[in-house]
Every structure is written in structure tokens, then in C-alpha cells.
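# Fold and geometry: a report
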Amino acid sequence: MSRKMRTINILIFLSILYGANFQGSLGLMGQLPKGEFKEQGVPTGFGIDGNGVMYPNPYVGLGINIGYGQYGRSSRQIPFNYFTDLITIEEKTTNAIGVGHFFVRIKPFNKIKIQPYAEGLIGLKHLYTTTSLYNNNCVDNSDTNHDDCEIASSTNASDFVFSYGFGGGVDILLSQNFNESGNLYFFINGRYLYGSGAKYLKEGAIEFSDPANGPITTTFNWSESATDLLQVCFGLILDLKNK
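Here is a short report on the structure shown in this document. (Residues numbered from 1 in each chain as written. Predicted model: local features only at pLDDT ≥ 70, side-chain atom pairs only at ≥ 80, totals over all residues. Heavy atoms only, no water.)

## Some points on the overall build of the chain
When helices and strands are tallied, the chain shows two helices and twelve strands. Listing the helices and strands of the chain from first to last along the sequence gives α-β-α-β-β-β-β-β-β-β-β-β-β-β. Sorting the 243 residues of the chain into buried and exposed places 36% on the buried side. Considering only contacts in the chain between residues 6 or more positions apart, those separated by 24 or more positions represent 68%. Of the accessible surface of the chain, which amounts to about 14,100 Å², a share of 60% is contributed by carbon and sulfur atoms. (Helix = DSSP H or I, 4+ residues; strand = E, 2+ residues; numbered from the N terminus. Buried < 20%, exposed > 50% of the residue type's maximum accessible area, 1.4 Å probe, protein only. Contact = heavy atoms within 4.5 Å. Areas by Shrake-Rupley, 256 points an atom, 1.4 Å probe, with all protein chains shown as cover.)

## Description of a negative patch on the surface
Negative charge collects at one region of the surface, where D140, D147, D148 and E150 lie side by side. Judged by relative accessible area, D148 falls into the partly exposed class, the value being 32%. (Patch = residues over 30% accessible without salt bridge, like charges linked within 9 Å, V, L, I, M, F, W, Y side chains within 5 Å. Salt bridge = Lys/Arg side-chain N within 4 Å of Asp/Glu carboxyl O. Lys, Arg positive; Asp, Glu negative; His and termini not counted. Charge placed at Lys NZ, Arg CZ, Asp CG, Glu CD.)

## Some words on the pattern of salt bridges
The final tally for this structure, using the stated rule, is five salt bridges. Notably, a salt bridge pairs E91 with R76, separated by 2.7 Å at the nearest N-O pair. A residue pair is termed long-range when its members are at least 10 positions apart, and E91 in strand β4 (residues 84-106) and R76 in strand β3 (residues 60-81) qualify at 15 residues. Given the relative accessible area of 10%, E91 is considered buried. Exposure remark for R76: the relative accessible area of 29% places this residue in the partly exposed category. Where R105 meets E119, a salt bridge forms, and the shortest distance between an N and an O atom there is 3.0 Å.

## Brief notes about the packing of aromatic side chains
Given two aromatic rings, their pairing is described by the distance between the two centres and the angle made by the two planes. Taken as a whole and judged by the stated rule, the model has seven aromatic pairs. Plain terms: the ring middles of F37 and Y200 are 5.3 Å apart, the flat faces sit at 85° to each other, and that makes the pair edge-to-face. Separated by 163 residues along the polypeptide, F37 in helix α2 (residues 36-39) and Y200 in strand β8 (residues 198-200) bring together distant segments of the chain. Each member of the pair, F37 as well as Y200, carries the same accessibility label: buried. When the ring centre of F103 is taken as reference, the NZ or CZ atom of R191 above it lies at 5.3 Å. (Phe/Tyr/Trp six-rings, centres within 6.5 Å; stacked < 30°, edge-to-face > 60°. Lys NZ or Arg CZ within 6 Å of the ring centre and 35° of its normal.)

Given below as C-alpha cells:
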């Protein structure tokens with residue numbers, strides 16, 4: 001392709017972006033395991049979900065989705081060291097799923113207050129388990145960008161898998177030109193996200209030996225399965241097309 005043609009294509013692309021409107025959303029999310037994932041005894045996860053969508057024309061949107069949910073959490077008090085149990089610290093273990101997708105959204109009715117849509121998604125899931133140690137007699141300083149009470153942390157399990165699926169939802173207009181920024185909507189949607197096989201830990205899968213028998217040893221009881229999820233989310237959207 002000649003330099004002139006590349007320049008023309010870039011200008012066309014930028015003109016499309018300039019005329020597009022943008023929506024940003026943030027919501028609460030539930031992640032319901034399905035198929036093999038559910039059969040493994042993985043519980044429902046809860047978290048947050050964010051989306052950014054650009055509409056190059058009124059009916060088709062191109063977007064990015066990022067979400068985080070926890071599907072297990074446990075904690076216990078343990079001695080600070082092997083020689084005394086007079087001082088204890090808290091050990092917290094968290095099982096989580098992060099998701100990230102590109103998606104295409106079709107919204108055929110965008111001039112009315114209730115706007116249904118359908119979408120297709122492709123991306124990744126990240127299943128991971130972390131364990132952290134915390135000081136019990138500590139107050140976190142909100143002015144710092146880290147947890148002042150955290151002593152140490154470790155990632156016990158981590159696996160990235162391919163994810164794809166489809167979904168649908170509805171946007172409901174709440175306010176026009178909200179705060180002089182754009183239209184404000186309430187949304188609710190559902191997405192069925194197929195996931196490739198992963199090796200992961202779930203709540204209760206980490207076992208410890210009896211301290212009375214000597215230094216503690218840890219046993220990981222791994223699970224392996226596909227990672228299908230039904231993801232349900234609701235929240236608020238700010239539409240900047242009228243800004």
C-alpha cells in the first residue's frame with residue numbers, strides 16, 4: 001500500500017472516530033458457573049464490571065469489557081512464628097476470576113427510552129488464587145497506594161484461558177444531559193461466556209498439616225475443567241454523545 005493510500009485510510013478512520021459517540025459503564029456483577037465448572041463445585045462469584053463502547057454509527061458499537069469477581073475467600077489466625085503463639089497474624093486466601101473481552105454490540109432501537117441490544121464477545125479469563133498475611137493491630141493509611149497492614153503475599157495459582165460468548169441486555173434512560181455531561185442510563189445485561197480448560201483452586205482446596213507434627217506443610221487439591229460462566233450485571237451508563 002502506498003504512503004498516500006495509508007494516509008487516506010488513517011484520515012477516514014479518524015473521521016469515523018470523531019463522529020462516534022462514547023459510552024462508559026460500571027456495574028455490579030454475578031458470575032454463575034455452568035457445565036463442568038459448576039460440577040466442580042465452584043460457587044457463584046461476585047464483583048464489578050466495566051465497559052467502554054464507541055459507536056461509529058448509531059446501531060453498531062465496538063467495545064472493551066473488564067471485570068473482576070471473587071468466587072471464594074477464607075481467613076485464619078496463625079502464630080507469628082513457630083516458637084510462640086502469643087502473637088498472631090491473619091492469613092487471607094482469595095479465589096478470583098478476572099475477565100477481559102473485546103465485543104461488538106448491535107442496538108437496533110436507540111431513539112427510545114428503553115433500548116435492547118445483543119452482542120458477541122471474545123477475550124480471556126484469568127483464574128487465580130492469592131494468599132496474604134496481615135498485621136492484626138494495624139490501621140491502613142488511606143494516603144498511600146498500598147495496604148500498610150500487609151506483611152507478605154503470594155500467588156498460589158494462576159491460569160489464563162481463552163473466552164468467548166454472546167449476550168444481551170437493555171439500557172433504560174434515567175436522565176438527559178445529566179450534570180451537563182451526557183445522558184444517564186440504568187442497564188442490566190447477561191452474558192454467556194464459554195471458557196477453555198483451566199487448572200485452578202477453589203475455596204477449601206488448600207489443606208495444612210497438623211502443627212503438632214512439626215513444620216506445617218501445604219497440600220493443594222487442584223481442579224481442572226472448562227470455565228463456562230453466566231455473567232449477570234447491572235449498573236449505570238454515561239452516554240457522551242450529547243456532551
